Amino acid sequence: QKAHQYFSMLQKQSSLTSGVKREANVIGNWVSMGPSSIRGTPIFGGFYDLPMSTSPGNAAFFVAGNIDGRRKAIGMGDNLFFDPSNWNFIVPKVIGTLSVQIYSSAEQGVRDILTFGGAFPRDAADARVVNEFRTCSGKVIDSPTQVGGWPALAAGTPYPDADNDGMDDRWEAAHGITDPKGDADGDGYTNLEEFLNELAGDQNTSGTFITRVGTGTGLIPAVNCGIPEA
């Protein structure tokens, strides 16, 4: 069983170089067995599949701060998160420049997701999934009827959008914006994205990004849900 599986392979038949080398910074991930996991078979947090690679052996991985059934604590060797047969591909330094600059420990990441993940207010289905993850009680199902079916959701009231551009007319008027594809503040987000980010609570009314990384609280599951790793 593999949580993260990597390959070195060409992206297109006509390409001679694209995708030949697989490189990744694997940082702060949380991998866990659960009620439906096969017992007696270890879950490898990371696995580089040489037989499935069109250019096998061309890989490098920086691994840090990950948690799974074998690397259960920060004091343990980071390489334990990877399949032992792939340890020769692990490198000691970050590869290139990290594209994600704001991140937390694996444990805190779980707290953040349990606290803030998903759409709010959470409906009954989302609340159930969060609780089942927190209590290690979730299982693989074949039908929603096995967990009570889909919840009944109120239709709600849509915001006014006379020009059908996806943005609330009142928000457009307040910001002096009419073009959803434009970028009024030049920050790389389109005006429509700015509106949706604000609607979701990911930025304030001034357009400033709101980060919740590291602010989640509450109990988290036991490492590997307390299941002994084979």
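Residues numbered from 1 in each chain as written. Predicted model: local features only at pLDDT ≥ 70, side-chain atom pairs only at ≥ 80, totals over all residues. Heavy atoms only, no water.

### A word on the side chain of D112
With respect to the element layout, D112 can be found in helix α1 (residues 106–116). Despite its burial, D112 pairs with no opposite charge; the closest candidate is R111, at 7.7 Å N-O. Setting aside chain neighbours within four positions, we find D112 in contact with S104, G117, R212, V213, G214, T215 and G216. (Helix = DSSP H or I, 4+ residues; strand = E, 2+ residues; numbered from the N terminus. Buried < 20%, exposed > 50% of the residue type's maximum accessible area, 1.4 Å probe, protein only. Lys, Arg positive; Asp, Glu negative; His and termini not counted. Salt bridge = Lys/Arg side-chain N within 4 Å of Asp/Glu carboxyl O. Contact = heavy atoms within 4.5 Å.)

### A few points about unusual backbone geometry
Looking along the chain, the bond that leaves F120 and enters P121 is cis, with omega of -5°. Within the fold, P121 resides in the loop between α1 and α2 (124–134). Look at C136: it is not a glycine, yet its phi comes out positive at around 55°. Within the secondary structure, C136 sits in the loop between α2 and α3 (169–175). The phi dihedral of C225 falls on the positive side, at around 55°, and the residue is not glycine. Tracing the chain through its elements places C225 in the segment after α4 (191–199). Judged by relative accessible area, which is 21%, C225 ranks as partly exposed.

### So, the confidence of the model for the protein
Of all residues in the protein, 95% have pLDDT values of 70 or greater, and the mean over the chain is 90. Mean pLDDT in the protein bottoms out at strand β1 (residues 2–6), which sits at 81, and peaks at α3, which reaches 96. (pLDDT = per-residue confidence, 0-100.)

### Concerning the nonpolar core
Counting 14 residues, the largest nonpolar core has Y6, V26, Y48, F61, F81 and F82 as its most contacted members. Mapped by element, the contributors of at least two residues to this core are β2 (22–27) and β4 (59–64). Of the residues forming this core, the biggest block, three residues, is contributed by β4. Counting residues in each nonpolar core, the second largest holds six residues, with W30, I67, V110 and L114 among its members. (Core = buried A, V, L, I, M, F, W, Y, C linked by side-chain atoms within 4.5 Å.)

### Regarding a negative patch on the surface
A surface patch of negative charge is lined by D183, D185, D187 and E193. Topologically, E193 is positioned in helix α4. (Patch = residues over 30% accessible without salt bridge, like charges linked within 9 Å, V, L, I, M, F, W, Y side chains within 5 Å. Areas by Shrake-Rupley, 256 points an atom, 1.4 Å probe, with all protein chains shown as cover. Charge placed at Lys NZ, Arg CZ, Asp CG, Glu CD.)

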